[in-house]
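Remarks on the overall topology
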Amino acid sequence: AQTVTQSQPEMSVQEAETVTLSCTYDTSESDYYLFWYKQPPSRQMILVIRQEAYKQQNATENRFSVNFQKAAKSFSLKISDSQLGDAAMYFCAYRSPLSGNQFYFGTGTSLTVIP
Amino acid sequence: DVKVTQSSRYLVKRTGEKVFLECVQDMDHENMFWYRQDPGLGLRLIYFSYDVKMKEKGDIPEGYSVSREKKERFSLILESASTNQTSMYLCASSTQRGGQYFGPGTRLTVL
């Protein structure tokens, strides 16, 4: 099974500031996908951003962007201009068609946004 | 707008009862998944299905079974509920190479 590691169980950021959440993964495959999910308190998990391993360009979705370092097997999420609504648990996930199409999740990072 | 729905948001059952959790997606996705989510343990895969009538065990299938008779519906069955199955259960669906779309979750309490 693939391993996805989020080494920061909790993070905090001042409103309007920038925060980076870390994620590393372990794989020997070359074709895979990486995702960040957001789960607000008592609310539904939603997909934030997606990165294909074959693309060198880092994915961006509005205030959310990733720093994908394939050789280092690192996939961090940067949130710019943090808002109170960004407070949530964030999960990093890995998927490979060669691994039966399963998703492998990290244990999550709880982000607090300080007004 | 894509949608994954789960039959109940909250459920309370007694030990030994048979429990059915239903999940329906309206996106014509091939893959469907059942996870349980517990504090400090993240998401753990119970079962997934990549096609109608097909199923694969995940990391923690013991005590659970699944059914997928139609493409849009994926059911999780607790044959004889136990207190250690008290948890949040999340259903998700996806295409072959896309991200997952999650349902709102079912918080199951087994007394």
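Refer to the preceding data block for the structure.
Below is a summary of the structure that appears in this document. (Residues numbered from 1 in each chain as written. Chains lettered and ligands numbered in written order. Predicted model: local features only at pLDDT ≥ 70, side-chain atom pairs only at ≥ 80, totals over all residues. Heavy atoms only, no water.)

1. Describing the interface of chain B and chain A
On the side of chain A, 19 residues touch chain B, which itself brings 21 residues to the contact. In total, chain B and chain A occlude about 1700 Å² of area from one another, counting both sides; carbon and sulfur atoms represent 49% of this. A salt bridge links Arg97(B) to Asp31(A); the shortest N-O distance between them is 3.3 Å. Our enumeration of links across chain B and chain A arrives at 10 residue pairs in polar contact (both at pLDDT 80 or more). Counting residues per element, the ones that place at least two in the side of chain B that touches chain A are β4 (31-38), β5 (42-49) and β9 (87-94) of chain B. (Contact = heavy atoms within 4.5 Å. Buried area = accessible area lost by both parts, 1.4 Å probe. Salt bridge = Lys/Arg side-chain N within 4 Å of Asp/Glu carboxyl O. Polar contact = N/O pair within 3.5 Å; in protein donor to acceptor, adjacent residues only side chain to side chain. Helix = DSSP H or I, 4+ residues; strand = E, 2+ residues; numbered from the N terminus.)

2. Here we look at the side chain of Ser87(B)
Residues and elements named next belong to chain B. Here Ser87 shows up in strand β9. Here Ser87 falls in the buried class, since its relative accessible area comes to 5%. Reaching out from Ser87, the side chain makes a polar contact with the backbone oxygen of Gln37 at a distance of 3.2 Å. Engagement of the side chain of Ser87 in a polar contact is seen with the side chain of Asp38, the distance being 2.8 Å. With near-sequence residues (within four places) excluded, Ser87 lies in contact with Arg36, Gln37, Asp38, Thr106, Arg107 and Leu108. (Buried < 20%, exposed > 50% of the residue type's maximum accessible area, 1.4 Å probe, protein only.)

3. Some remarks on the pattern of salt bridges
As enumerated under the stated definition, the model contains 10 salt bridges over all chains in all. Linking Arg73(B) and Glu22(B) is a salt bridge whose minimum nitrogen-to-oxygen distance equals 3.5 Å. Separated by 51 residues along the polypeptide, Arg73(B) in strand β8 (residues 73-78) and Glu22(B) in strand β3 (residues 19-25) bring together distant segments of the chain. Residue class for Arg73(B) comes out partly exposed when judged on its relative accessible area of 38%. Of the charged contacts, one joins Asp38(B) and Arg44(B) as a salt bridge, the two residues approaching to 2.8 Å between their closest N and O atoms. In the salt-bridge network here, residues are joined through shared partners; they are Arg50(A), Glu52(A) and Lys55(A).

4. Overview of the side chain of Ser65(A)
Positionally, Ser65(A) belongs in strand β8 (residues 64-69). For Ser65(A), the residues in contact, after removing those within four places along its chain, are Ile49(A), Ala59(A), Thr60(A), Ser76(A), Leu77(A) and Lys78(A).

5. Digging into the packing of aromatic side chains
Per the counting criterion, the structure on display carries 17 aromatic pairs over all chains. Here Phe35(A) and Phe103(A) contribute two aromatic rings whose centre-to-centre distance is 5.4 Å and whose plane-to-plane angle is 45°, an arrangement assigned as tilted. Taken as a pair, Phe35(A) in strand β5 (residues 33-39) and Phe103(A) in strand β11 (residues 103-105) lie far apart in primary sequence, 68 residues in all. The exposure classification of Phe35(A) matches that of Phe103(A), with both residues buried. Among the aromatic residues, those joined into a cluster by ring pairs are Phe35(A), Tyr37(A), Phe103(A), Phe105(A), Phe33(B), Tyr35(B), Phe48(B) and Phe102(B). (Phe/Tyr/Trp six-rings, centres within 6.5 Å; stacked < 30°, edge-to-face > 60°.)

6. Brief notes about the state of the cysteines
Residue and element names in this part refer to chain A. Inspection of the entire model under this criterion finds two disulfides over all chains. Linked covalently through their sulfurs, Cys23 and Cys92 form a disulfide whose S-S length is 2.0 Å. The chirality of the disulfide connecting Cys23 with Cys92 is left-handed, given an S-S dihedral of about -70°. Here the residue Cys23 occupies a position in the loop between β3 (19-21) and β4 (24-26), and Cys92 occupies one in strand β10 (residues 88-95), the gap between them amounting to 69 residues. (Disulfide = S-S within 2.5 Å.)

7. Comments concerning the nonpolar core
Ranked by internal contacts, the top residues of the largest apolar core, which has 26 residues, are Tyr25(A), Trp36(A), Phe75(A), Leu77(A) and Tyr90(A). Those elements giving two or more residues to this core turn out to be β3, β5, β6 (46-52), β8, β9 (74-79), β10 and β12 (109-114) of chain A. No other element matches β10(A), which puts four residues into this core. Membership of the second largest hydrophobic core comes to 21 residues, among which are Met32(B), Val66(B), Leu78(B) and Val110(B). (Core = buried A, V, L, I, M, F, W, Y, C linked by side-chain atoms within 4.5 Å.)

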